[in-house]
Amino acid sequence: MAMTNPLQFIQQVRSEVAKVVWPTRREVMLTTVMVFILAALTAIFFAIVDILIRGGLQQLLGLFG
């Protein structure tokens, strides 16, 4: 990789940053809400799976205990 002087580097960085499309406030809020909703649904799913496994193991161990 060729070395560039610091001034050229800063110019290249500024031109690349200018190409970035930043999300709007609405997009950020929507994706944040989506993350919270999906995290809650995942937590509920794993809680239900945990309850089912625990109940199954208690029934299984109850047969031998």
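Everything below is about the structure shown above.
Enquirer: Hey, could you go over the overall build of the protein chain for me, with residue numbers and the actual values?
Expert: The helix and strand tally for the protein chain stands at 2 helices and 0 strands. Since a compact globule built from 65 residues should have a radius of gyration of about 11 Å, the 26 Å found for the protein chain marks it as more spread out than a globular shape. Counting only C-alpha atoms and orienting by the principal axes, one finds that the protein chain spans roughly 75 × 35 × 10 Å. Taking all 65 residues of the protein chain together, the buried fraction comes to 0%. As displayed, the protein chain offers around 6,500 Å² of accessible surface, 73% of which is attributable to carbon and sulfur atoms.

Enquirer: Would you mind going over the environment of S15 in detail, with residue names and values included?
Expert: By the element assignment, S15 lies in helix 1 (residues 6–19). Overall, the relative accessible area of 35% leaves S15 in the partly exposed class. Separated by 27 residues in the primary sequence, S15 and T42 have C-alpha atoms spaced 41 Å apart. Within the structure, the side chain of S15 is placed 2.8 Å from the backbone oxygen of Q12, a separation counted as a polar contact.

Enquirer: Can you lay out helix 1 for me, pointing to particular residues and giving the numbers?
Expert: Working note: α-helix, 3.6 residues per turn, so residues spaced by three or four point in the same direction. In this model helix 1 runs 20 Å from its N-terminal to its C-terminal C-alpha over 14 residues, within 8% of the 20 Å that 1.5 Å per residue would give. Here helix 1 starts with a cap whose side-chain oxygen sits 3.1 Å from the backbone nitrogen of L7, and that cap is N5.

Enquirer: Help me get a handle on a nonpolar patch on the surface, residues and values and all.
Expert: Nonpolar side chains collect at one region of the surface, where V33, M34, I37, L38, L41, I44, I48 and L52 lie side by side and expose about 780 Å² of accessible area between them. According to the relative accessible area criterion, L38 is partly exposed, its value standing at 48%.

Enquirer: Requested: an account of the pattern of salt bridges, with residues and values cited.
Expert: Enumeration over the complete set of coordinates arrives at 1 salt bridge. E16 is the salt-bridge partner of K19, the closest N and O atoms lying 3.1 Å from each other. Taken together, the positions of K19 and E16, both in helix 1 and 3 residues apart, correspond to about one turn of that helix. Residue E16 is classed as partly exposed on the basis of its relative accessible area of 46%.

Each value, and the rule that gives it
Residues numbered from 1 in each chain as written. Predicted model: local features only at pLDDT ≥ 70, side-chain atom pairs only at ≥ 80, totals over all residues. Heavy atoms only, no water. Helix = DSSP H or I, 4+ residues; strand = E, 2+ residues; numbered from the N terminus. Rg over C-alpha atoms; globule rule 2.2 N^0.38 Å. Buried < 20%, exposed > 50% of the residue type's maximum accessible area, 1.4 Å probe, protein only. Areas by Shrake-Rupley, 256 points an atom, 1.4 Å probe, with all protein chains shown as cover. Polar contact = N/O pair within 3.5 Å; in protein donor to acceptor, adjacent residues only side chain to side chain. Expected span 1.5 Å × (residues − 1). Patch = residues over 30% accessible without salt bridge, like charges linked within 9 Å, V, L, I, M, F, W, Y side chains within 5 Å. Salt bridge = Lys/Arg side-chain N within 4 Å of Asp/Glu carboxyl O.

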